[in-house]
Amino acid sequence: MEFHVITLFPEMFAALDSGLIGRARQQGLIAIHAHNLRDHGLGNYRQVDDTPYGGGSGMVMRPEPIAAAIDAVTAERPGLLKILMTPQGERFDQPLARELAGHAGGLLFIAGRYEGVDDRIHELVDRELSIGDYVLSGGELAAMVVIEAVARLLPGVVGNPESLAEESFGDGNLLEYPHYTRPEEFRGMRVPEILLSGDHGKIRAWRAAEALRRTARRRPELVANRRKP
Ligand code: 6GU
């Protein structure tokens, strides 16, 4: 799948060169292209923002550079789903990650700045997404979060597909059961005996119970909203 981003900070996307996503890029399973919005800026200063009509603090991103950048990218790839990253968007979550992973035409993110983009940009995009109720100064990190969450759901990106199924939010919407590895005892804390028992039926039941108990304690709303897998 192809991921495109329109941003004033294309260099930030080098962060996606490492780890699982970096490997997926090297293998050609995904491609990530960061397009510099400045290339479509206006005038000698390549201006991309301006003061708000009606007054107020901060700057607002002008619509023409964003529209020109969207047109340039989509001219060659008409199938891209256009997503504006904005704190005013729909909240991103795992079901939405799965939905986006199914969009074979690829994804185009527009990373807005926090103060805002001209409201008419809303007409040029298919969706608006936020990654949570807190303030980031721009949509770049948010776009990277979405790219990471979507990319790892694509075929071949995560080596063992079973690990996807066992992850938090992968099954029903519970948090994961607790994991342990060597040593059997660490600073006086022992690995639960049942995990050393070799009884796989009991281990499965214990893990399911622990996942539910842990979720009920830490994220009760996930248990309340649980969708059966
Ligand atoms: Cl998508 N953008 C910004 N600027 N801040 C955010 C966000 C997006 N999602 C959460 N906070």
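Every value quoted in this text rests on a predicted model; they were computed, and no experiment measured them. (Residues numbered from 1 in each chain as written. Predicted model: local features only at pLDDT ≥ 70, side-chain atom pairs only at ≥ 80, totals over all residues. Heavy atoms only, no water.)

Another point: the pairing of strand β5 (residues 81–91). For a regular strand, side-chain orientation follows a simple rule: the groups alternate between the two sheet faces. When β5 meets strand β6 (residues 107–111), the two strands line up parallel, connected through 5 bridges. Pairing of Lys82 across the sheet is with Leu108, part of β6. Handedness of the crossover joining β5 and β6 through helix α3 (residues 94–101): right-handed. Bridge count for β5 against strand β7 (residues 127–130) is 5 bridges, and the pairing is parallel. (Pairing = 2+ DSSP bridges. Helix = DSSP H or I, 4+ residues; strand = E, 2+ residues; numbered from the N terminus. Right-handed = clockwise from strand over helix to strand, strands pointing away.)

For the structure shown, the criterion picks out 15 salt bridges. For the salt bridge of Glu2 with Arg77, the shortest nitrogen-to-oxygen distance reads 2.8 Å. Placement of the pair is Glu2 in strand β1 (residues 2–7) and Arg77 in the loop between α2 (63–76) and β5, with a sequence separation of 75 residues. Judged by relative accessible area, Arg77 falls into the partly exposed class, the value being 29%. (Salt bridge = Lys/Arg side-chain N within 4 Å of Asp/Glu carboxyl O. Buried < 20%, exposed > 50% of the residue type's maximum accessible area, 1.4 Å probe, protein only.)

Moving on, we get to α2. In this model α2 runs 21 Å from its N-terminal to its C-terminal C-alpha over 14 residues, within 8% of the 20 Å that 1.5 Å per residue would give. Looking only at α2, the buried set comprises Pro63, Pro65, Ile66, Ala69, Ile70, Val73 and Thr74. Looking at the buried side of α2, the elements it contacts are β1, β2 (31–36), β4 (60–61), β5 and β6. (Expected span 1.5 Å × (residues − 1). Contact = heavy atoms within 4.5 Å.)

Glancing now at the domain arrangement of the protein. Domain parsing of the protein yields domain 1 (2–151) and domain 2 (162–227). Each of domain 1 and domain 2 has a C-alpha centre, and these two points are 36 Å apart. (Domains from an automatic or database assignment.)

Before going further, it helps to spend a moment on the pairing of β2. Looking at chain direction, β1 and β2 are connected through 6 bridges and run parallel. Each bridged residue has a counterpart across the sheet, and for Glu2 the counterpart in β2 is Ala31. In this view, the connection linking β1 to its parallel neighbour β2 by way of helix α1 (residues 19–26) has right-handed handedness.

Our next topic: the site of the ligand. Around the ligand, a shell composed of 13 residues is seen, among which Thr86, Ile131, Gly132, Tyr134 and Leu136 lie nearest. Within the contact set of the ligand, a nitrogen atom lies 3.4 Å away from a side-chain nitrogen or oxygen of Ser130. Between the ligand and Tyr134, the relevant distance is 2.7 Å, taken from a nitrogen atom to a main-chain nitrogen or oxygen of the residue. Look at the ligand: alone it shows 290 Å² of surface, and the protein chains cover 100% of it. (Near = heavy atom within 4 Å. Polar contact = N/O pair within 3.5 Å; in protein donor to acceptor, adjacent residues only side chain to side chain. Areas by Shrake-Rupley, 256 points an atom, 1.4 Å probe, with all protein chains shown as cover.)

Attention now moves to the layout of surface pockets. Here the largest pocket is characterised by a volume of approximately 440 Å³. As for the largest pocket, its lining consists of 16 residues, of which Asp93, Gln94, Phe169, Asn173 and Arg219 are closest to the centre. Elements with a contribution of two residues or more to the lining of the largest pocket: α3 and α7 (220–224). Residue classes in the lining of the largest pocket are distributed as 5 nonpolar, 4 polar and 7 charged. Counting residues domain by domain, the lining of the largest pocket receives three or more from each of domain 1 (2–151) and domain 2 (162–227). (1 Å grid on protein atoms, 1.4 Å probe; cavity = no way out; pocket = protein on both sides within 12 Å on 5 of 7 lines; lining within 4 Å. Points joined across faces, edges and corners; volume = space filled by probe spheres on them. Nonpolar A, V, L, I, M, F, W, Y, C, P; charged D, E, K, R; others polar.)

Packed helices, taken two at a time, are described by their axes: the angle between them and the distance between them. Following both chains from N to C, one finds α3 and helix α4 (residues 140–151) inclined at 70°, their axes separated by 8 Å at the closest point. The angle between α3 and α4 falls in the class roughly perpendicular. Taking contact as the criterion, the partners of Ala97, Leu100 and Ala101 in α3 are, on α4, Val146, Ala149 and Val150. By residue class, the composition of the contact of α3 with α4 is 6 nonpolar, no polar and no charged. (Axes fitted to C-alpha atoms, helices over the stretch in contact; angles between N-to-C directions. Parallel < 35°, antiparallel > 145°, perpendicular 65-115°, else oblique.)

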